[in-house]
Amino acid sequence: MSIKNQISIINNEIKDKADLIAVSKTRSVEQIIEAYNQGQKKFGENRVHEIVEKYNNLPKDIEWHMIGHLQKNKVKHISKFISLIHSLDRLSLAKEIDKNARKENRSIDCLIQIKISNDESKYGLNPEQLDSFYTDLKQFENINTIGLMAMATFTKDQSLIADEFKKMEKLFKEMKTIDSKFKILSIGMSDDYQLAINNGSNMIRVGSKIFGQRNY
Ligand SMILES: *Cc1c(COP(=O)(O)O)cnc(C)c1O
């Protein structure tokens, strides 16, 4: 299946229920252009040097999303152009994003990353920490917090993933009632985006289903 075909298949499936972020980490500029020519304008990356290089070499109407763990000392490289940071998970990072956004005379849209999985390696806040983190974020005038992001446990057990997504939907709805700026729930990847949409996701991050298997 070609990249073009995969994109139109996914768009047909999700209709206008969710925004499709094409996860282009490890993919070439040529592969991204093929997706772009099919109308795909939003791409997600998890490494700063890679997102910067692609930003420099690809059309400027692409929206770049940072979806991976972000180190503070690298924020300055993306603060000029990043559309959405999905991985805001600690105050020290918020401070750095705020500072760099102010230098660029802009505000940067961010999602708070929540840890819902059992996987040891996953980043994110524990759900119990969300309230106080949200309150602390209010001091940062150049950060615009507009939703939540999470990664499900890496498992074939669909019922476990569904439980995790349901928890996220509940948290998201709670946040929406206290802050009308909360509008994005970024959950769902290649193998579970339909399940995610059924549980309130309106932004999905899809890589291998579009571009083929990655080598890692
Ligand atoms: C790689 C990645 C994805 C996409 O994964 P696929 O299984 O290839 O769709 C989504 N979200 C994050 C945070 C990722 O790092």
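Up top you'll find the structure we're talking about.
Heads up: these notes are all about the structure in this document. (Residues numbered from 1 in each chain as written. Predicted model: local features only at pLDDT ≥ 70, side-chain atom pairs only at ≥ 80, totals over all residues. Heavy atoms only, no water.)

What follows deals with the nonpolar core. The nonpolar side chains of soluble globular proteins are, as a tendency, buried together. Core analysis: the largest hydrophobic core is formed by 62 residues, its most contacted members being W64 and L148. It is helix α7 (residues 158-178) that provides the largest number of residues to this core, a total of 7 residues. Excluding residues within four positions of it along the chain, W64 makes contact with S24, I32, F43, E45, I51, K54, Y55, L58, F81, I82, S83 and L84. (Core = buried A, V, L, I, M, F, W, Y, C linked by side-chain atoms within 4.5 Å. Buried < 20%, exposed > 50% of the residue type's maximum accessible area, 1.4 Å probe, protein only. Helix = DSSP H or I, 4+ residues; strand = E, 2+ residues; numbered from the N terminus. Contact = heavy atoms within 4.5 Å.)

Moving on: the environment of V75. Within the secondary structure, V75 sits in helix α4 (residues 75-78). It is 32 Å that separates the C-alpha atoms of V75 and Q194, two residues lying 119 residues apart in sequence. Among residues more than four places away in sequence, those in contact with V75 are L70, L93, E96, I97 and N100.

Between helix α1 (residues 3-14) and helix α2 (residues 29-37), whose axes approach to 8 Å, the crossing angle comes to 45°. Judged by the inter-axis angle, α1 sits oblique to α2. Crossing of α1 over α2 shows right-handed handedness. Of the residues in α2, those in contact with I3, K4 and I7 of α1 are Q31, E34, A35 and N37. Counted by class, the contact of α1 with α2 contains 3 nonpolar, 2 polar and 2 charged residues. (Axes fitted to C-alpha atoms, helices over the stretch in contact; angles between N-to-C directions. Parallel < 35°, antiparallel > 145°, perpendicular 65-115°, else oblique. Left-handed = near helix turned anticlockwise from the far one by under 90°. Nonpolar A, V, L, I, M, F, W, Y, C, P; charged D, E, K, R; others polar.)

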